[in-house]
Amino acid sequence: QQLDAAFVQLSSEVRDLYWPYYGGVPVIDADISPFEFYREYVSKSKPVVIRGMLDDWPAMEKWNHEYFREKFGSNEVSVDVTPDGHGDCIIDGRFVEPEQIQLTFDTFLDIMEKKKHWNGVCYIQKQNNNFTTEFEGVLWDDLLPNVLQFGKEVFNKEADAVNFWMGDDKAVSSLHKDPYENFYCVIKGQKSFVLLPPTDAPYLYKTNYPCGKYAYDKEQDTWNIEESDTEIPWIPVDPMNPNVKMFPKIKKASPIIVNVTEGDMLYLPSLVHHRVSQEGGFEGTTTAINYWFDMDFDIKYNYYEFLQGLCANKE
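Before going into details, it helps to say that this report is about the structure given with it. Remember, predicted model here, so these are calculated numbers, not experimental data. Going along each chain's sequence as written, the residues are numbered from 1 onward. For a predicted model such as this one, the threshold for reporting local features is a pLDDT of at least 70, and the threshold for listing and counting side-chain atom pairs is 80 or more; totals across whole chains, interfaces and linings nevertheless cover every residue. The basis for the side-chain values is all heavy atoms of the structure; hydrogens and waters are excluded.

**Examining the packing of helix 4 (residues 65-72) against helix 5 (residues 105-112)**
Two elements in contact, helix 4 and helix 5, have axes whose closest approach is 9 Å; the angle formed by their N-to-C orientations is 160°. For the element pair helix 4 / helix 5, the angle class is roughly antiparallel. When the axes of helix 4 and helix 5 are compared, the crossing they make is left-handed. Across the interface between the two elements, His 65, Phe 68, Arg 69 and Phe 72 of helix 4 pack against Phe 105, Asp 106, Leu 109 and Asp 110 of helix 5. Side-chain classes follow a simple rule in which Ala, Val, Leu, Ile, Met, Phe, Trp, Tyr, Cys and Pro form the nonpolar group, Asp, Glu, Lys and Arg form the charged group, and the remainder, Gly included, forms the polar group. Classifying every residue of the contact of helix 4 with helix 5 gives four nonpolar, one polar and three charged. Between the N-to-C directions of two axes lies an angle of 0 to 180 degrees, each axis being a line fitted to C-alpha atoms and, for a helix, fitted only over the stretch in contact. The helix and strand labels rest on DSSP assignments: H or I over at least four residues marks a helix, E over at least two residues marks a strand, and numbering proceeds from the N terminus. Note on terminology: angles under 35 degrees are roughly parallel, angles over 145 are roughly antiparallel, angles of 65 to 115 are roughly perpendicular, and the others are oblique. Helix crossings fall into two classes, left-handed where the near helix is turned counterclockwise from the far one by less than a right angle and right-handed where it is turned clockwise. Any two residues whose heavy atoms approach within 4.5 Å are treated as being in contact.

**Some points on helix 2 (residues 34-42)**
Burial classes follow relative accessibility: with a 1.4 Å probe on protein chains only, a residue under 20% of its type's maximum area counts as buried, one over 50% as exposed, and anything between as partly exposed. By the burial criterion, the buried members of helix 2 are Phe 37, Tyr 41 and Val 42. All buried residues of helix 2 lie within an arc of 70° about the axis, which places them on one face of the element. Here, the arc refers to the directions that run from the helix axis to the C-beta atoms.

**Remarks on the nonpolar core**
If you look at the biggest cluster of nonpolar residues, it comprises 50 residues, and the most contacted ones within it are Phe 37, Trp 63, Phe 105, Phe 164, Phe 183 and Tyr 291. Tallying contributions element by element places helix 5 first for this core, with five residues. Contacts of Phe 164, omitting those with residues within four sequence positions, involve Trp 63, Phe 68, Phe 105, Ile 124, Gln 125, Asn 130, Phe 131, Phe 135, Thr 287, Ala 288 and Ile 289. Note on terminology: a nonpolar core comprises buried Ala, Val, Leu, Ile, Met, Phe, Trp, Tyr and Cys residues joined through side-chain atoms within 4.5 Å.

**Focus: the sheet that holds strand 6 (residues 94-97)**
Criterion used throughout: strands pair if DSSP finds at least two bridges between them. The strand order across the open sheet built from four strands is 5-6-13-14, with neighbouring strands paired in mixed fashion. If you trace the sheet from one side to the other, it starts and ends with strand 5 (89-91) and strand 14 (222-234), each paired once. In this sheet, neighbouring strand axes are inclined to one another by 40° on average, regardless of whether the strands run parallel or antiparallel. In the sheet, strand 5 pairs with strand 6 via three bridges, with the strands oriented antiparallel. Across the sheet, residue Ile 91 finds its bridge partner in strand 6, namely Arg 94.

What follows is the structure in structure tokens.
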């Protein structure tokens, strides 16, 4: 009971002192200095939307399906595929990863435009620096280096990864966190982030699950899950549609929703839990670039791990 009371007090103080639970995620102009940005947002782990950072990017005007076909259509890219758009999530008590396949960008766009039937939801989300490893060339010329330079000055380090994301409204990520400081830039469409502070860990039921991976059987035209003996800690709760009977403590969490529209850049602090969905632009797809900078494993990380350990021991 004392531990539960301490968790409640922690959440209450977080809402009152730093988490933008009542007023929403602030929106600021891109003319903020790296020093002021670090002081006001990074040091406090506060999410914020920066407007105007991408105004001069050629990608804002050029990036559409026709341009992608012309400049990159014959190139192969890694595409994650699931039966319903939900990958890296808990399915029937198992953590299930998407199936990953190689498609030409032309074929991927045919699927997005419904010119080609595909049994499943396709989403380009490989991460692991995929924009560098798979898209190097002409598309890089459409990004200005201002975000990379801003991040270098803010975090005092080079970006660890630059990732390309593209898909339609069916693709949804489950609630998770990353050990990276994240600059998430929306080029086309809109991304909707559900954010929960690291201090909500007591209410998210994170536990170990056996792993699996989706596999499509072409002959039977069915989806199967290939099981694995490995385990991974994951969050089973969907904050947008929580099963409060199974996970009653989720009602004590402090979710906020921020919509990141075309030309906006979201600063997503490391260890902030997030669930991401999207709404396509006029072509029905959402396209984004994000930059990951390694987090500093400092006292904030130590406190979070301590809190996570308390939650695990209590469970």
